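# Observations on the model geometry
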Amino acid sequence: MSSTETVDSSAVSKGTLGEYAEAMGPSWIAGAIAAGPATIASLVTAGGAFGYSLLWVVVLSAGAGALAQYLAMRLGLLTERGIVAVVEDHLGETWAWLLVGDAVLAAGVAQLVIMKTVATVSATVTGIDARIWGVAWALILAAGLAGGGYRFLELAAKVLVLLVVVAFVASLFVVPIDAGAAATGLIPSVPSGSALVAAGILGGAVHITLITMHSYTMRARGWTRDDYDLATVDVGASMLVAFGIYSLAIFLVTASVLTSGDLTTVGAAEALGPLVGDSARWLFLLGLWGAAVSTLGGNTIVPPFLLADKLGWGTTIEDSRYRGLLVAVALLSAPGAFIGGNVLGQLVLVLALGTVGTPFVIALVLYLLNSDAVPESNSLVANVGGLALIAVSGGLAANFVVEQLGGGIGPLSGFVLAFAVALGIAMAGLGGKFLREELLA
């Protein structure tokens, strides 16, 4: 993920399907993070607690995720630079640090809870204390990423994720899906108490970490403006198709089987019972473990990418300073294994928190795509889609904030409110800046 490997994409159009699939990659890294344990938790919680009523959010998340990655892809390819450097050059250092702070905070909180997931499932499978696993995984992660040998572990994790996805897809043919009830779920509504999980579902696909990392993973792959068509298909295949099928299968099966709003990993595994019987618990746990390990590695590289770019360092392991950042982030994830509480609920909360920070990043990308930062401005369709993305993600984020404040202002709700207000002010300032520039043009 952080190597300087290049791919000859010029022959893709006349190559075989296998050659084309081999050339793809950057958006699949984002897709692997999107299809992580937090998304599984959000989908399972939504189906188990609210039935089919949030199906519209599930469908929307795949399309919105593909659109967000497409906009990030355009910015990365047309500038051929990392997003932080582009923001600093065209908006200034304050905006660049605000972007870095927003992304690092979202990724950092997610890192702790994802580590807890990995450690908890590892403990369940082996019987060894989760805290020991947390320290062990942090060391494995640091050594693997810093040495460039993490790909083998990631491959094994993705195989396990594939198993659970295949199981959920196969379950669609075993579990009786109520087509009529499912159809009503396509009508947008946010049932009472569902704002958190709705924000979590959308946050799995449209997340600040996925948007900000895209320019760096494309640079690591050696892609340029000449690879625009390949990069577009890369986004569509990974986010719209693969992630969309993944999300729909998990949600529909869960909504059909589960009826409990108080879900645990063991309860969630019951959704696979009609297909694999007594093996359901282990299959679900292994899939959750695989998703967590894969996501843990992908999420770890996000803060180092952004910080290194802001500080003017290299963004590959050839730069010892960047390698040091990778090691630091990996080791700092160990305390996540010491966090108490139900992991599924915490995973949903992490994605919802990320949703609060996402509209600001989309606004930044849209601003830059309509500025002299790129050689050609966004099309009207892309701009309308981007604004709709801000409206939807902002609306779900606002509902989540209001829901958090429903019980009064405590430490968590106070932090969420302050985070949302700060980024709301930043977005208003960015919008005002754009309008002034347009009027003076």
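Residues numbered from 1 in each chain as written. Predicted model: local features only at pLDDT ≥ 70, side-chain atom pairs only at ≥ 80, totals over all residues. Heavy atoms only, no water.

The condition that has to hold: UniProt positions are given in the numbering used here, feature names are shortened, and annotations may be inferred rather than shown by experiment.
You'll find the chain entered in an unreviewed UniProt entry as Mn2+/Fe2-transporter, NRAMP family protein, with Haloarcula amylolytica JCM 13557 given as the organism. Here the chain is described in UniProt, under the heading Subcellular location (unreviewed entry), as follows: "Membrane".

## A short note on the overall build of the chain
To keep things clear, this is the line we draw: Only DSSP runs of H or I with at least four residues qualify as helices, and only runs of E with at least two residues qualify as strands; both kinds are numbered from the N terminus onward. When a residue's accessible area, from a 1.4 Å probe over protein chains only, is under 20% of the maximum for its type it is buried; when over 50% it is exposed; and in between it is partly exposed. In what follows, residue pairs with any heavy atoms lying within 4.5 Å of each other are defined as contacts. Using a 1.4 Å probe, accessible areas were evaluated by the Shrake-Rupley method; residue-level cover was limited to the displayed protein chains.
When helices and strands are counted, the chain shows 20 helices and 0 strands. A burial count over the chain gives 55% of its 441 residues as buried. Looking at the chain alone, contacts between residues at least 24 apart form 84% of all its contacts between residues at least 6 apart. Looking at the chain as shown, the accessible area adds up to about 16900 Å², and 67% of this sits on carbon and sulfur atoms.

## A few points about helix α16 (residues 302-311)
Counted residue by residue, α16 has 8 buried out of 10 residues, so it is predominantly covered. Those residues of α16 that fall on the buried side of the exposure criterion are Val302, Pro303, Pro304, Phe305, Leu306, Ala308, Asp309 and Lys310. Phi turns positive one or two residues past the end of α16, at glycine 312, with a value near 80°.

## Section: the environment of leucine 296
The topology assignment puts leucine 296 in helix α15 (residues 280-300). On a C-alpha basis, the gap between leucine 296 and valine 113 in space is 9.6 Å, while along the polypeptide they are 183 residues apart. Ignoring any residue separated from it by four or fewer positions in sequence, one finds leucine 296 in contact with Gln111, Ile114, Met115, Val118 and Leu141.

## Regarding the nonpolar core
Worth spelling out the cut-off: Put simply, a nonpolar core is a bunch of buried Ala, Val, Leu, Ile, Met, Phe, Trp, Tyr and Cys residues held in one set by side-chain atoms that sit within 4.5 Å of each other.
Ranked by size, the top nonpolar core spans 138 residues in total, and within it Ile83, Val87, Val206, Phe251 and Phe400 carry the most contacts. Among the elements that line this core, the one with the most residues is helix α18 (residues 343-369), at 20 residues. In contact with valine 87, not counting residues within four places along its chain, are Gly92, Trp95, Ala96, Leu99, Leu364 and Leu368.

## Some details on the packing of aromatic side chains
Our working rule: Between 30 and 60 degrees the pair is tilted, below 30 it is stacked and above 60 it is edge-to-face, where a pair is any two Phe, Tyr or Trp rings, Trp via its six-membered ring, whose centres lie within 6.5 Å.
Within the structure shown, the criterion is met by 7 aromatic pairs. Members of the aromatic cluster, each reached through a chain of ring pairs, are Tyr216, Phe305 and Tyr322.

## Here's the deal with the confidence of the model for the chain
To keep it simple, the criterion reads: Confidence scores labelled pLDDT are given residue by residue by the predictor and lie between 0 and 100.
Per-residue confidence for the chain averages 82 on the pLDDT scale, and 85% of its residues sit at or above 70. Of the regions scoring below 50 in pLDDT, residues 1-15 engages in 34 contacts with residues more than four places distant in sequence or in other chains.

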